[in-house]
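# Secondary and tertiary structure notes
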2 protein chains.
Amino acid sequence: MSKNPATLGDAGERGVLAEVLAALAVVVTDGVLVGPGDDTALLTVRRGAVLATTDTMVLDRDWKEEWSSARDVGIKIVTQNLADLASMGGVGTGLLLTLVAPEQLPLRWACELAEGIAWAAGRVGVPVIGGDLSSAAPGMVAVSITALGELAEGVDRPVLRSTARPGEVLAVSGPLGRAGSGWVLLKDGVLQGRNECERTALDHQRRPLTDLTQGPIAARAGATSMIDVSDGLVRDGDRIARDSGVRLVLDEDAVRALARDLGPALTHDEALRQVLSGGEEHELLATFPDRACLPTGWSVLGEVSAAQERPGVWWRGVRLDPRQGGWDHFGG
Amino acid sequence: MSKNPATLGDAGERGVLAEVLAALAVVVTDGVLVGPGDDTALLTVRRGAVLATTDTMVLDRDWKEEWSSARDVGIKIVTQNLADLASMGGVGTGLLLTLVAPEQLPLRWACELAEGIAWAAGRVGVPVIGGDLSSAAPGMVAVSITALGELAEGVDRPVLRSTARPGEVLAVSGPLGRAGSGWVLLKDGVLQGRNECERTALDHQRRPLTDLTQGPIAARAGATSMIDVSDGLVRDGDRIARDSGVRLVLDEDAVRALARDLGPALTHDEALRQVLSGGEEHELLATFPDRACLPTGWSVLGEVSAAQERPGVWWRGVRLDPRQGGWDHFGG
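Structural notes, computed from the coordinates. (Residues numbered from 1 in each chain as written. Chains lettered and ligands numbered in written order. Predicted model: local features only at pLDDT ≥ 70, side-chain atom pairs only at ≥ 80, totals over all residues. Heavy atoms only, no water.)

## Looking at the interface of chain B and chain A
At the interface, 67 residues of chain B touch 67 residues of chain A. We note a salt bridge from Arg61 of chain A to Glu103 of chain B, for which the minimum N-O separation is 2.8 Å. Where chain B packs against chain A, one counts 23 residue pairs in polar contact (both at pLDDT 80 or more). Among the elements that take part in the side of chain B that touches chain A, strand E3 (residues 49-58) of chain B stands out by supplying 9 residues, more than any other. The sheet contact formed by strand E2 (residues 41-44) of chain A and E3 of chain B spans 4 bridges and is antiparallel. Each residue of the ladder has a partner; that of Leu43 of chain A, found in E3 of chain B, is Val50 of chain B. (Contact = heavy atoms within 4.5 Å. Salt bridge = Lys/Arg side-chain N within 4 Å of Asp/Glu carboxyl O. Polar contact = N/O pair within 3.5 Å; in protein donor to acceptor, adjacent residues only side chain to side chain. Helix = DSSP H or I, 4+ residues; strand = E, 2+ residues; numbered from the N terminus. Pairing = 2+ DSSP bridges.)

As structure tokens, this is what we get:
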């Protein structure tokens, strides 16, 4: 290993691992019986079952070098994964990190990625317990996290997508459309926000941070179905609707209010489009038996009605086509 | 989704998932409380802790299109991951699959990958419980598995790398150097074996299948340290040696016998090199208190002695430099 190695290739596998693991080793919990450095990790599971999910970000698909720092990418990939656990009513207990990158990648980039991951995971007390490092051709960088977790205290069973019932209330844990607005701004070359709304949108696009405790809180409050908004309200709502065999009927006033909350950065039509279709938001979308159940901070978005053979997300009397909005990895 | 879609892009995300999940859904166990299709999986953990490991294969780094079929890649990535569990004394309970691939990838390739994964995992009764699909630039294909597992029945604690002690015996669960020999053949343009030895080598390079029960068997027999041979005997042995603070002193006759077992496909020097340095073998390397402990099928490779300040793998009176042999993802 060269002194002060500049790239992964200079540092070699052992050198990269030493630097990256040092940056990751922020949280230590007594649940980690075997951590990084052996063939596998061994993680305590207190409640008889483990939640497991995985999510990947790819350079030039999920971020652009000019738009996002390595630290941003680290924070975003952690939020994406932990939001999936939260939407089941769970909390994280351990993360595995995979970095696929070329020899030419600056070692500093890998370390800053690790710092972002460690910071975002450390914020909620989740340790990094293992991972993998693979080389790739120049220009190819992929970052994957597998998040392990457990149902939170007081949550007896996972909150699925398939268990919404007619007569229930549809609600969301926070704003929608921020990350989508940020993406529109970045595409238009606005890398620095010119006002508070733009700064919020850009920040949420680059490094979304949502309140991950809202998943368990909603589960304890009686949420009957839940999903995190990663591909957009219409697309993710459609998943609940189809899996549950119901309609999610959006309340026009509620949706327009969310669009107004996005502020003056976008036209009202564009803001509406981002509320309905903007992905990467990572707020939680859930159904509850009635309005009285909603936890503090959640707002009503509509109601659940019988599918009448056409399950989906409905808006002003028509079913919204999920293919018309939201994010599809293969554009289909 | 187009009819009979030819590529991932033609099928769209939902279409790809439907096809791939159908191919993966071979093993069903009652331990899977929530399987693919929700935000996370939920997997029963019977023994209070979960083993977790992850491994990635990248096109043109870990396989070449001309050398390996999608089915080969699927089998190999499963073996890589399950061998890591076996080397802790564990067995698999669930797999997560990540596929990063361009829109242009033939859907058939993804389905054959899934078939290989399902076949290799099904052989040992392990279900696929979830995963992720991400798009990438043309030419970039990465396949990751995260394997979850538990210590096997009768194994009370994980077998680590750091617990070999002087006076013990070093042993291996099977042959070494097959996958490395296969790689030499492929590099030389030999895609079809011309005799049984070459066919064995090529098969083991393309789709290694080792006896994964040997990990738990060794653990129950009293193995004091264990690792699977993924980067080569010298490199992986060096990990046990350094983590344990000991020397692994190879027995020259035993190593030469393994080289002879590789048969006439290689010169004796090249065969010796592959036994010492060939990676991707996925047999298990372990230390035992004495020869009487060795399970059936294991053979003695050497002995453990005090480090005298120079831990490592020793051969004919010198320490072998792990950087001189074996596989380093970043060549350092």
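Moving on, there is more to tell.
## Considerations on the nonpolar core
Residues Leu95, Leu99, Trp109, Ile117, Val143 and Trp298 of chain B are the most contacted members of the largest nonpolar core, which totals 61 residues. Excluding residues that lie within four positions of it along the chain, Trp298 of chain B makes contacts with Ala171, Val172, Ser173, Gln214, Ala218, Met226, Leu284, Ala286 and Phe288 of chain B. Ala23, Leu51, Leu105 and Leu151 of chain A belong to the second-largest nonpolar core, a separate cluster that totals 59 residues. (Core = buried A, V, L, I, M, F, W, Y, C linked by side-chain atoms within 4.5 Å. Buried < 20%, exposed > 50% of the residue type's maximum accessible area, 1.4 Å probe, protein only.)

## With respect to the sheet that holds strand E9 (residues 246-250) of chain B
Residue and element names in this part refer to chain B. The sheet built from 7 strands is open, its strands ordered E8-E10-E7-E11-E9-E12-E13 with mixed pairing. Every other strand in the sheet has two partners, leaving strand E8 (225-228) and strand E13 (318-320) as the edge strands with one partner each. Averaged over all adjacent pairs, the angle separating strand axes in this sheet is 30 degrees, with direction ignored. Bridge analysis of E9 against strand E12 (residues 312-315) gives 3 bridges, and the strand direction is parallel. (Axes fitted to C-alpha atoms, helices over the stretch in contact; angles between N-to-C directions.)

## Digging into the relation of the copies chain B and chain A
When chain B is brought onto chain A, the operation consists of a screw motion whose angular component is 180 degrees and whose axial shift is 0.0 Å, with 0.0 Å RMSD remaining. A rotation of that kind, with that shift, is consistent with a two-fold axis. Take the interface residues of chain B: 100% of them recur as interface residues in chain A, which is what a same-surface contact looks like. (Least-squares fit on C-alpha atoms with pLDDT ≥ 70 in both.)

## Here's the deal with the sheet that holds strand E6 (residues 142-151) of chain A
Pairing in this open sheet of 6 strands is mixed, and the strands run E5(A)-E4(A)-E6(A)-E3(A)-E2(B)-E1(B) from one edge to the other. In the strand order of this sheet, the two ends are held by strand E5 (128-135) of chain A together with strand E1 (32-34) of chain B, each with one partner. Here the average twist between neighbouring strands, direction ignored, is 25 degrees. Contacting strand E4 (90-101) and E5 of chain A, helix H1 (residues 8-24) of chain A crosses the sheet at an angle of about 165 degrees to E5 of chain A. Where helix H3 (residues 107-122) of chain A meets the sheet, it contacts E4, E5 and E6 of chain A, and its direction lies at approximately 175 degrees from that of E4 of chain A.

## Notes on the packing of helix H1 (residues 8-24) of chain B against helix H3 (residues 107-122) of chain B
Residues and elements named next belong to chain B. Running from N to C, H1 and H3 cross one another at 20 degrees; their axes reach a closest spacing of 9 Å. Judged by the inter-axis angle, H1 sits roughly parallel to H3. Seen along the crossing, H1 lies across H3 with a hand that is right-handed. Together, Leu8, Ala11, Val16, Glu19, Val20, Ala23 and Leu24 of H1 and Leu107, Ala110, Cys111, Ala114, Glu115, Ile117 and Ala118 of H3 make up the contact between the two elements. Each residue belonging to the contact of H1 with H3 can be placed in one class, and the counts come to 12 nonpolar, no polar and 2 charged. (Parallel < 35°, antiparallel > 145°, perpendicular 65-115°, else oblique. Left-handed = near helix turned anticlockwise from the far one by under 90°. Nonpolar A, V, L, I, M, F, W, Y, C, P; charged D, E, K, R; others polar.)

## Digging into the pairing of strand E2 (residues 41-44) of chain B
Residues and elements named next belong to chain B. Here E2 shows two buried faces, one formed by Ala41 and Leu43 and the other by Leu42 and Thr44. With 2 bridges connecting them, E1 and E2 associate as antiparallel partners. The residue of E2 that forms the bridge with Val32 is Leu43. As consecutive antiparallel partners, E1 and E2 are separated by 6 residues, and within that stretch Gly37 has a phi angle of approximately 115 degrees, a positive value.

## Here's the deal with helix H9 (residues 268-277) of chain B
All names here are of chain B. Among the 10 residues that make up H9, 7 are buried, leaving the element largely enclosed by the rest of the structure. Listed in full, the buried residues belonging to H9 are Glu270, Ala271, Leu272, Gln274, Val275, Leu276 and Ser277. Buried residues belonging to H9 abut helix H4 (178-187), helix H7 (233-244), E9, helix H8 (252-261), E12 and E13.

## Topic: the pairing of strand E4 (residues 90-101) of chain B
Residue and element names in this part refer to chain B. Burial runs high along E4: 10 of the 12 residues are buried. Of the pairings in the sheet, the one linking E4 to strand E6 (residues 142-151) comprises 10 bridges and is antiparallel in character. Bridge assignment links Gly90 to a residue of E6, and that residue is Leu151. Across 7 bridges, E4 lies against strand E5 (residues 128-135) in parallel orientation. Across the sheet, Leu99 pairs through a bridge with Leu133, a residue of E5. At this point the chain moves from E4, through H3, to the parallel E5, and the crossover so formed is right-handed. (Right-handed = clockwise from strand over helix to strand, strands pointing away.)

## Some words on the side chain of Arg206 of chain B
Along the chain, Arg206 of chain B turns up in helix H5 (residues 196-206). Within the structure, the side chain of Arg206 of chain B is placed 2.9 Å from the backbone oxygen of Leu191 of chain B, a separation counted as a polar contact.

## Focus on the environment of Gly278 of chain B
Residue and element names in this part refer to chain B. When you line up the elements, Gly278 lands in the loop between H9 and strand E10 (284-288). Overall, the relative accessible area of 6% leaves Gly278 in the buried class. Ignoring sequence-local partners within four residues, the contact set of Gly278 consists of Gly180, Val229, Gly232, Leu233 and Arg273.

## Quick word on unusual backbone geometry
Residue and element names in this part refer to chain B. Even without a glycine there, the phi angle at His282 is positive, about 65 degrees. Looking at the element boundaries, His282 is found in the loop between H9 and E10. Positive phi outside glycine occurs at Glu309, with the angle close to 70 degrees. Of note, Glu309 is situated in the loop between strand E11 (299-306) and E12.

## Here we look at the packing of aromatic side chains
Evaluated as defined, the whole model comprises 4 aromatic pairs over all chains. When the centroid spacing of 5.9 Å and the interplanar angle of 20 degrees are considered together, the rings of Trp63 of chain A and Trp109 of chain A count as stacked. Here the residue Trp63 of chain A occupies a position in the loop between strand E3 (49-58) and helix H2 (70-86), and Trp109 of chain A occupies one in helix H3, the gap between them amounting to 46 residues. Of the two residues, Trp63 of chain A and Trp109 of chain A, neither departs from the other in class, the shared state being buried. On the numbers, 5.3 Å between centres and 85 degrees between planes, the contact of Phe288 of chain B with Trp298 of chain B is edge-to-face. Residue Phe288 of chain B is found in strand E10, and its partner Trp298 of chain B is found in the loop between E10 and E11; the two are separated by 10 residues along the sequence. (Phe/Tyr/Trp six-rings, centres within 6.5 Å; stacked < 30°, edge-to-face > 60°.)

## Remarks on the pattern of salt bridges
Any two side chains of opposite charge can pair, given that their charged atoms come close. For the structure shown, the criterion picks out 42 salt bridges over all chains. A salt bridge links Asp30 of chain A to Arg46 of chain A, with the shortest nitrogen-to-oxygen separation between them at 3.5 Å. Remark: Arg46 of chain A occurs in the loop between E2 and E3 and Asp30 of chain A occurs in the loop between H1 and strand E1 (32-34); sequence separation between them is 16 residues. For Asp30 of chain A, a relative accessible area of 67% corresponds to the exposed category. Given the relative accessible area of 58%, Arg46 of chain A is considered exposed. Taken together, the salt bridges that share partners define one network made up of Arg14 of chain A together with Asp238, Arg242 and Arg319 of chain B.

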